[in-house]
Amino acid sequence: MVPVNWTNVTLEHSNLTYSDIDKLSISNIPIGSHRFWTHLVMAYVFTFWTCYVLKKEYEIVASMRLHFLASEHRRPDQFTVIVRNVPPDPDESVDELVEHFFLVNHPEHYLTYQVVYNANRLSNLVKEKKKLQNWLDFYQLKYSRNQSMRPSSKTGFLGLCGERVDAIDFYTSKIENLSEEIASEREKIISSPKSIMPAAFVSFKTRWGAAVCAQTQQSRNPTIWLTEWAPEPRDVYWDNLANPYVSLTIRKLIVAVAFFFLTFFFMIPIAFVQSLANIEGIEKAVPFLKPIIETKVIKSFIQGFLPGIALKIFLIFLPAILMLMSKFEGFISISALERISATRYYIFQFINVFLGSIITGTAFQQLDNFIHQSANDIPKTIGVSIPMKATFFITYIMVDGWAGVAGEILRLKPLIIYHLKNFLLVKTEKDREEAMDPGTLGFNTGEPQIQLYFLLGLVYAVVTPILLPFIIVFFGLAYVVYRHQIINVYNQEYESAAAFWPDVHGRIIVALVVSQLLLMGLLSTKEAAQSTPLLLALPVLTIWFHIFCKGRYEPAFVRYPLQEAMMKDTLERAREPNLNMKGFLQNAYMHPVFKEGDDSESDVASGDGNQEPELVPTKRQSRRNTPLPSKHSGSVSSLPEVQEHAQLL
């Protein structure tokens, strides 16, 4: 397509501000030219090739996911569901109600449960104790190196003000007081029914039983006894388990409104960045700025690198803001937090970085034309100018993409942060280990950025094909670098088994449809009346392809086939006939703050100790005829009719 676009003189005879690279775009083809058939044919080629590759990749990823799940070692989340919105009952507590419900409705497969406690305050106290213990270790180490003088510290803010006291005695006393408060808070949580949330982790004897429970409706009322697959224990975001389920809808509404205004008001700095990228257009409207920026070196730097750098700086704090919004919304797993944050980050980049850069950049670049032409000609000017924004995106790819990949290898930001922590915060070897922690890949930021380059490549593949080599270089570098980083550098925080792939597929489909609609709009401004109607089929075919893939492959990512679960259970029973499943699952979903206590406290907190559990009473007349024993462990043993004087838990 480059010769087709280059061998024209349309831009040379226009009043538009353009560069030599713009001559390689569709803007250089005259209105009504037959050369637009080339772009039409190439649009079909790119669409069909993209769909072919997507289908092939979807099939491979789905097959790999099922194979991984079939060959994976036993994990607690394979046998566990989380049940939420447990209805209140005047006669029974939440734990008794959960026990009876699943004994009645899943009698053959139910095993045990773990209620969800509101332990957020206890968790904060434990974190505070760790900080104080770290300070105590620091001062004890300091004293061991120089025993001639006891270390001292001030009691005020950050040790900068207040009364000076013996540091070791001071922190020892604070830790003792805090330990008593932690023990009191733990006992309060365990003994108070108000600390139990209307939710529980329910475990089953088989994967088949868990799959049936997680993927079916449990009650006549679809708003109660809501079940879904439990995240693996290391993936649970414990702070959000204490949020009442009924408040999640309100939280989602608040976050949606906040995200809308965040996206809308961010257009202001985007417009400022684009004003920097199009100095020549502003010079025509505001001539007095011309002497200041006409210097060749300054002008090249401002137009070439400053816009991309400025945009990157504006985007630095965005992921942290979006993650805070997701946490407020109430998702209960780290993977879910990252998925929704990634989705919002992509939407934000699509609206602000892509559409915002095109709209505001076109307005600034052709500012003089907008001022002196009629309103009817403005759409044509925008249609010509959009392909010419490729120059900005080329510099953005080099600054954000190429330099970002190089920065990923250097890890300059973590290196600087480590040295700052080492100089200001590190007091013990434990601090140093935490400061050196490489962290995780950061799916919520990395994946949406890569998706932006898919969007740019698909949009400009037909419009300004000179952009493609820059994107190909980026993907080549990114493949080598991120493969190395994932294998050798980053820690794995959780295992999703490729659960994010449907989101990736959907965003590429969106990018493909957007590229087709933009091409239709551009050709309509070029008066290519014969070729434009033929493009209408492309969005329809692309959406149909997405629906086909969603129905054919996506169930493998959202459901667990009962056939696979039964096969896995059968093989496991044959290999380990004496497996103690109760012992494997009983403490898997205990809150971490209870695991850190004494053994006796942990047993009480879990409600499922090593000794044979006691009976749970059935207090209501409607439950007099419960066909199975109500036992906390769910273990099978013969028991006659449960009566009113049953032994208390």
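Keep in mind that what you see is a predicted model, and the values were worked out from it rather than measured.

Peer 1: Which parts of the structure should I look at to understand helix α17 (residues 390-410)?
Peer 2: Since there are 3.6 residues in each turn of an α-helix, residues three or four apart along the chain are aligned in direction. For α17, spanning 21 residues, the distance from its first C-alpha to its last is 28 Å, which sits close to the expected 30 Å at 1.5 Å a residue. The axis of α17 is deflected most strongly, by about 30°, at glycine 404. For α17, the full list of buried residues reads Ala390, Phe392, Phe393, Ile394, Thr395, Tyr396, Ile397, Val399, Asp400, Gly401, Val405 and Glu408. Downstream of α17 by a residue or two, arginine 411 has a phi angle that is positive, lying close to 50°.

Peer 1: Quick question: what am I supposed to make of the pattern of salt bridges here?
Peer 2: Side chains that carry opposite charge are capable of pairing whenever their charged atoms lie near each other. Applying the stated criterion across every chain yields a total of 16 salt bridges. Between glutamate 232 and arginine 75 there is a salt bridge, with its nearest N and O atoms 3.8 Å apart. With glutamate 232 in the loop between β6 (226-229) and α7 (248-265) and arginine 75 in the loop between α2 (36-71) and β1 (80-84), this pair connects stretches of sequence that are 157 residues apart. For glutamate 232, a relative accessible area of 8% puts it in the buried group. For arginine 75, a relative accessible area of 16% corresponds to the buried category. The partner of arginine 150 in a salt bridge is aspartate 169, and the shortest N-O contact between them spans 3.2 Å. Of the two residues, arginine 150 sits in the loop between α4 (120-145) and β3 (152-154) while aspartate 169 sits in helix α5 (residues 167-191), which places them 19 residues apart along the sequence. We classify arginine 150 as partly exposed; its relative accessible area is 36%. On the basis of relative accessible area, aspartate 169 is assigned to the partly exposed category, the value being 47%. Connected via shared salt-bridge partners are Arg74, Arg207, Asp569, Glu572 and Glu576.

Peer 1: Which parts of the structure should I look at to understand the packing of α4 against α5?
Peer 2: Between two packed helices, what matters for the description is the angle formed by their axes and the separation of those axes. For the pair α4 and α5, the least separation of the axes is 9 Å and the interaxial angle reads 160°. In terms of their interaxial angle, α4 and α5 are classed as roughly antiparallel. Considering the relative orientation of α4 and α5, their crossing is left-handed. Partitioning the contact of α4 with α5 into residue classes produces 15 nonpolar, four polar and seven charged.

Peer 1: Looking at this model, I keep getting lost on the packing of aromatic side chains. Mind explaining?
Peer 2: The description of an aromatic ring pair uses the distance of the two centres, along with the angle that the planes make with each other. Under the defined criterion, the tally for this structure stands at 32 aromatic pairs. Pairing tyrosine 58 with phenylalanine 557 gives two aromatic rings, centres 5.7 Å apart and planes at 65°, and the pair type is edge-to-face. Here tyrosine 58 is found in helix α2, whereas its partner phenylalanine 557 is found in helix α24 (residues 555-558), with 499 residues between them in sequence. Of the two residues examined, tyrosine 58 and phenylalanine 557, each falls in the buried class. Between the aromatic rings of tyrosine 139 and tyrosine 171, the centroid separation amounts to 5.7 Å while the plane-to-plane angle is 20°, which identifies the pairing as stacked. Taken as a pair, tyrosine 139 in helix α4 and tyrosine 171 in helix α5 lie far apart in primary sequence, 32 residues in all. When its relative accessible area of 8% is taken as the criterion, tyrosine 139 is described as buried. In this structure tyrosine 171 comes out as buried when scored by relative accessible area, which is 10%. Linked through ring pairs, Phe101, Phe102, Tyr110, Phe204 and Trp225 together constitute an aromatic cluster. If you follow arginine 150 out to its NZ or CZ, it ends over the ring of tyrosine 143, 5.1 Å from the centre.

Rules of the game
Residues numbered from 1 in each chain as written. Predicted model: local features only at pLDDT ≥ 70, side-chain atom pairs only at ≥ 80, totals over all residues. Heavy atoms only, no water. Helix = DSSP H or I, 4+ residues; strand = E, 2+ residues; numbered from the N terminus. Expected span 1.5 Å × (residues − 1). Bend = angle between axes of the 7 residues up to and from the residue. Buried < 20%, exposed > 50% of the residue type's maximum accessible area, 1.4 Å probe, protein only. Salt bridge = Lys/Arg side-chain N within 4 Å of Asp/Glu carboxyl O. Axes fitted to C-alpha atoms, helices over the stretch in contact; angles between N-to-C directions. Parallel < 35°, antiparallel > 145°, perpendicular 65-115°, else oblique. Left-handed = near helix turned anticlockwise from the far one by under 90°. Nonpolar A, V, L, I, M, F, W, Y, C, P; charged D, E, K, R; others polar. Phe/Tyr/Trp six-rings, centres within 6.5 Å; stacked < 30°, edge-to-face > 60°. Lys NZ or Arg CZ within 6 Å of the ring centre and 35° of its normal.

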